[in-house]
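One-letter residues, chain by chain:
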Amino acid sequence: IILFLPEIALMHKPATLISLAAAVLLAACNLPQPLGVSGLSPTQVNINNNTESLNHRVTRKKETLTLDKSFTTQQTSTALSLTLVAEVAPPEIEGERVQATNIQILGDRAFVSYGTAGPDFAGGLYIFDISNPAQPQLLSELTKSDTDYYAVASDGNRVFLPGATEDARFRNPALLDVISLQSNGQLGSALGTLNVPSFAATDVALGNGSIYLTSGDAGGGVSRLDTTTFERQNFAALTDARAVTLNGDQVVAFRGTPGTLQTFTPDLQPLQSFPVGESATIPVSQATVRVLDGVAYVGAGDGGLMGVSLNNGALMGQMKAPKGITNGAAVDGDYAFAAEGEDGVADARRSNGQLERLGAFRFGDRISSNVVAWRNGVLFVANGRGGLSILTANLPTPGPSATPTPSATPTPAPTPTPAPTPTPTPVPTATPIPGYPLAVMTVNAMGDNFNLNQNGVAFESACTGITYSTCTWCNNANDWRAPKLQTHVTANPKTSVAAWSVSNLFNATSGEDTISQFEARVLQEAQTLIASGKSACVYLPTGSNGQPNRSGANCNSNGDGKLQCSGSLNKNIDVASCPSVAIYAEAINLNHSMGNTPVYMAAANTFSINRSYKGLAVSRGDLNISLQNSGVVAEGIFVGLRANNLNLSNQAQLKGLYSSLQNSSLSVNLNNGGRLDGALYTNARVDFSASGNGLMKLDTGIINTWGAQTGVVKPVMCQAPQS
């Protein structure tokens with residue numbers, strides 16, 4: 001009997017597998033050679049990185065969606081306001097459209113895996129750039145004609161695609177394909193394929209320095225793989241294993257028929273098993289699981305979206321589809337979304353595992369919503385063969401957050417109380433501040449060394465181009481620099497005299513106060529990671545009194561995503577295996593990429609960044625950033641008391657806020673396409689040079705996105721001050 005579930009990518013294809021079993025026997029002499037050091041067999045995929053042709057598949061939209069609340073009961077919360085910003089056609093393989101099976105949003109990238117419903121095999125992958133959520137860009141496509149993919153994960157350098165194949169060379173249909181990523185976020189090349197037990201590899205999770213892979217149904221389970229050699233280190237049998245995630249060091253897996261949550265140690269020793277009511281009873285179907293605040297949220301098929309306590313297995317909340325099943329679910333912050341097939345997508349408010357249904361929306365008659373991903377105010381919905389819908393949400397503006405207690409000395413003594421990391425708001429709402437001197441560059445004093453040796457715009461701004469407190473030449477019509485500057489600025493006014501003030505830009509009264517508050521945010525991140533069992537992701541040296549003490553502590557990168565810290569505490573950190581990283585040291589020097597993992601670092605003396613970085617970088621001393629290569633991107637909030645140089649060249653990019661808080665000297669160089677997207681705030685005297693299409697472009701959205709994670713940067717909107 002072949003079970004066909006409409007619009008659901010099947011993971012166990014009996015008719016094909018019957019013929020495949022015979023083919024395997026006949027082709028035994030042609031099996032791949034034994035796995036070598038890499039643990040991977042060669043594989044062949046098709047990769048398309050032509051962004052111009054790929055984005056012809058993206059249809060831009062700007063439509064507000066209305067939620068149907070007819071199935072809502074006891075609703076007390078307000079539903080989110082959702083805007084449809086894009087619809088994307090799926091890949092076509094040998095003339096047939098495939099459909100999305102899984103979506104993962106990781107930072108400013110979204111990964112979408114594809115497979116084929118029914119007995120045929122064909123799959124693929126899309127990678128999107130969502131750094132501007134309202135204008136998503138399709139970066140890369142992968143297709144493979146003999147393989148379905150059912151999930152996707154990435155460590156910033158590689159993409160992992162579990163699935164199933166009809167390739168008769170493999171002993172089992174279940175496999176894991178591994179693809180490299182280039183520094184610009186596009187696909188590189190196929191690194192190889194790993195054959196795994198059972199009919200299909202159903203999900204993958206990264207953490208604890210390992211790869212965790214589920215496969216099912218008969219003979220399947222959870223595999224733990226080495227991230228470098230791909231050797232299988234441990235295996236736990238779990239029939240019909242459908243999904244896996246991590247809860248700190250704990251591995252959490254979900255199996256079907258019947259629905260059951262199983263927790264493991266990092267080396268897959270079983271801990272607890274919790275039956276999950278009447279759920280996941282439909283054979284050969286997918287499921288999703290994610291853990292937040294000790295609650296596992298499971299997209300459990302006929303069980304709906306279920307919140308289950310990992311302490312005792314209690315059912316904390318449940319939201320069932322009115323007429324059908326829940327094909328997948330996503331949870332982030334205070335909200336959850338469930339893909340409910342022909343019922344559309346349901347929106348719920350979550351609190352302590354409880355789920356309050358707010359309403360639902362559909363994309364048309366006979367369109368089935370099968371997969372959903374929700375992260376940082378961006379929502380992806382896969383509608384079977386109907387393609388992909390991308391939406392943004394106007395998140396409710398949170399109430400004022402508590403101001404971190406400033407430290408009286410350069411080293412903050414108090415350890416902040418652990419708190420969950422705030423969810424950034426990609427589409428912020430802020431009230432304009434009267435007379436607020438917002439500009440792409442807001443400085444105290446303009447130096448005499450101001451060189452613009454290029455054609456076209458050097459300062460692009462929808463508000464003021466440059467505001468400054470003092471400048472000896474800016475308003476002097478007889479000085480050749482003044483009229484030349486005007487030709488390189490797009491804004492109204494192009495330049496404006498405005499007094500420099502820390503309190504206009506930050507929730508602080510001085511530069512010292514600003515740095516203390518940012519340092520408190522780094523310590524808060526450290527304590528949050530420690531409380532969640534992620535102490536391996538924290539470098540926090542302490543003194544004899546147990547308080548943070550970074551005297552003599554140095555952290556240096558010794559490879560992409562690798563940190564080596566020494567001093568009173570010696571520690572190596574694998575950045576890619578962490579949900580985030582917190583570093584508290586005297587000096588920090590980064591000559592390698594930190595990938596896409598958010599990093600929160602505070603230095604007491606010097607801080608140098610020379611490769612890709614994402615997060616918060618704060619220094620009580622010098623903050624030097626020098627990015628020299630195409631594809632190198634530093635994104636986030638970068639603040640120092642002193643600063644010597646900001647150098648961006650050869651199309652390298654800084655995205656976010658760069659700020660120097662003391663009245664010192666700062667040299668800014670944008671050469672050969674180097675650019676800053678965000679803003680530069682500095683109390684320093686600035687010497688500026690731009691050549692070869694160097695560009696500084698105002699971007700309030702990215703400043704607000706990262707500023708919301710700190711509570712220190714004031715929300716900003718574009719309001720031009722008077723000249």
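Just so it is clear, the structure is predicted and the values come from calculations on it, not from any experiment.

**Considering the overall build of the protein**
- Scanning the protein for helices and strands turns up six helices and 51 strands.
- Buried residues in the protein amount to 59% of all 723 residues.
- Long-range pairs, those at least 24 residues apart, make up 53% of the contacts in the protein between residues at least 6 apart in sequence.
- Only carbon and sulfur atoms are counted for the fraction: they give 48% of the accessible area of the protein, which is about 27100 Å².

**Thoughts on the sheet that holds strand E30 (residues 354-361)**
- If you trace the four strands from one edge of the open sheet to the other, you get E27-E28-E29-E30, paired in antiparallel fashion. Either end of the sheet is taken by a strand with one partner, and the two such strands are strand E27 (328-332) and E30. Across the sheet, the mean angle from the axis of one strand to that of its neighbour is 20°, orientation sign disregarded.
- Sheet analysis places strand E28 (residues 335-339) next to strand E29 (residues 345-351), joined by five bridges and oriented antiparallel. Looking at the pairing, Ala338 lines up with Ala346 of E29.

**Thoughts on the pairing of strand E16 (residues 210-216)**
- Counting buried positions along E16 yields seven of seven residues, so the element is predominantly enclosed.
- Here E16 shows no split at all, with Ser210, Tyr212, Thr214 and Gly216 on one side and Ile211, Leu213 and Ser215 on the other all buried.
- Judged from the seven bridges that link them, strand E15 (residues 200-207) and E16 form a sheet pairing that is antiparallel. The partner of Ala201 across the bridge, within E16, is Ser215.
- Linking two consecutive strands that pair antiparallel, namely E15 and E16, is a turn of two residues; a positive phi of about 55° is found at Asn208 within it.
- As paired elements, E16 and strand E17 (residues 221-226) share six bridges and run antiparallel to each other.

**Structural notes on the packing of aromatic side chains**
- In total, this model carries 13 aromatic pairs according to the counting rule given.
- Geometrically, the ring pair formed by Tyr126 and Phe128 is edge-to-face, given 5.8 Å between the ring centres and 90° between the ring planes.
- Relative to Tyr681, the ring of Phe506 has its centre 6.5 Å away and its plane inclined at 80°; by these criteria the two rings are edge-to-face. Of this pair, Phe506 sits in the loop between helix H4 (502-505) and helix H5 (511-531) while Tyr681 sits in strand E50 (residues 675-691), and the two are 175 residues apart along the sequence.
- Tyr681 gets classed as buried once you look at its relative accessible area, which sits at 1%.
- What links up through ring pairs into an aromatic cluster is the set Tyr114, Tyr126, Phe128 and Phe380.
- A cation over an aromatic ring shows up here: Arg550 above the ring of Tyr584, its NZ or CZ 4.2 Å from the ring centre.

**Considering the state of the cysteines**
- Applying the stated criterion across every chain, the model contains three disulfides.
- Put simply, Cys471 and Cys474 are joined by a disulfide, and their sulfur atoms are 2.1 Å apart. One quick way to see it: the torsion about the S-S bond of Cys471 and Cys474 is about 80°, and its sign makes the bridge right-handed. Neither residue differs from the other here; Cys471 and Cys474 are each classed as buried.
- Across the disulfide from Cys537 sits Cys578; the S-S distance is 2.1 Å. Its S-S torsion of about -95° marks the bond between Cys537 and Cys578 as left-handed, since a negative value means left-handed. Residue Cys537 is found in the loop between H5 and strand E39 (538-539), and its partner Cys578 is found in the loop between strand E42 (571-574) and strand E43 (581-590); the two are separated by 41 residues along the sequence.

**Brief notes about the side chain of Thr597**
- Assignment of secondary structure puts Thr597 in the loop between E43 and strand E44 (599-609).
- Assessed through its relative accessible area of 8%, Thr597 is described here as buried.
- A polar contact of 3.3 Å, which involves the side chain of Thr597, links it to the backbone oxygen of Val575.
- Non-local contacts of Thr597, meaning those with residues more than four positions away in its chain, are made with Val575, Ala576, Cys578, Pro579, Ser580, Val581 and Lys614.

**Structural notes on the nonpolar core**
- Within the largest apolar cluster, 96 residues are counted, with the highest numbers of intra-cluster contacts made by Phe459, Phe506, Ile583, Tyr613, Tyr658 and Phe688.
- No other element matches the eight residues that E50 contributes to this core.
- Not counting the four nearest positions on each side in its chain, Phe459 is found in contact with Val440, Met441, Phe450, Leu452, Ile466, Leu485, His488, Val489, Thr490, Phe688, Leu695 and Met696.
- Counting 25 residues, the second largest nonpolar core, distinct from the first, contains Val98, Ala110, Tyr114 and Leu138.

**Observations regarding the environment of Asn172**
- Among the secondary structure elements, Asn172 is positioned in the loop between strand E12 (158-165) and strand E13 (174-181).
- By relative accessible area, Asn172 is classed as partly exposed at 28%.
- Along the backbone, Asn172 and Asn195 are 23 residues apart, and their C-alpha atoms lie at a distance of 6.6 Å.
- The contact partners of Asn172, leaving out residues within four places of it in the chain, are Asn195, Val196, Pro197 and Ser198.

**Points about unusual backbone geometry**
- A cis amide bond links Thr257 to the next residue, Pro258, at an omega of 0°.
- In this fold, Pro258 is placed in the loop between strand E20 (250-255) and strand E21 (260-264).
- A cis amide bond links Asn492 to the next residue, Pro493, at an omega of 0°.
- Tracing the backbone through its elements, the reader meets Pro493 in the loop between strand E37 (489-490) and strand E38 (495-497).

**Here we look at the environment of Ser81**
- Within the element layout of this structure, Ser81 appears in strand E3 (residues 81-88).
- The spatial distance from the C-alpha of Ser81 to the C-alpha of Asn394 is 5.6 Å, given a sequence separation of 313 residues.

**A look at the pairing of strand E9 (residues 137-144)**
- Counted residue by residue, E9 has seven buried out of eight residues, so it is predominantly covered.
- Across three bridges, strand E1 (residues 46-48) lies against E9 in antiparallel orientation. Opposite Ile47, over in E9, you have Leu142 as the bridge partner.
- Pairing of strand E8 (residues 123-129) with E9 involves seven bridges; the strand directions are antiparallel. Looking across to E9, one finds that Gly124 is bridged to Thr143.

Thresholds applied
- Residues numbered from 1 in each chain as written.
- Predicted model: local features only at pLDDT ≥ 70, side-chain atom pairs only at ≥ 80, totals over all residues.
- Heavy atoms only, no water.
- Helix = DSSP H or I, 4+ residues; strand = E, 2+ residues; numbered from the N terminus.
- Buried < 20%, exposed > 50% of the residue type's maximum accessible area, 1.4 Å probe, protein only.
- Contact = heavy atoms within 4.5 Å.
- Areas by Shrake-Rupley, 256 points an atom, 1.4 Å probe, with all protein chains shown as cover.
- Pairing = 2+ DSSP bridges.
- Axes fitted to C-alpha atoms, helices over the stretch in contact; angles between N-to-C directions.
- Phe/Tyr/Trp six-rings, centres within 6.5 Å; stacked < 30°, edge-to-face > 60°.
- Lys NZ or Arg CZ within 6 Å of the ring centre and 35° of its normal.
- Disulfide = S-S within 2.5 Å.
- Polar contact = N/O pair within 3.5 Å; in protein donor to acceptor, adjacent residues only side chain to side chain.
- Core = buried A, V, L, I, M, F, W, Y, C linked by side-chain atoms within 4.5 Å.

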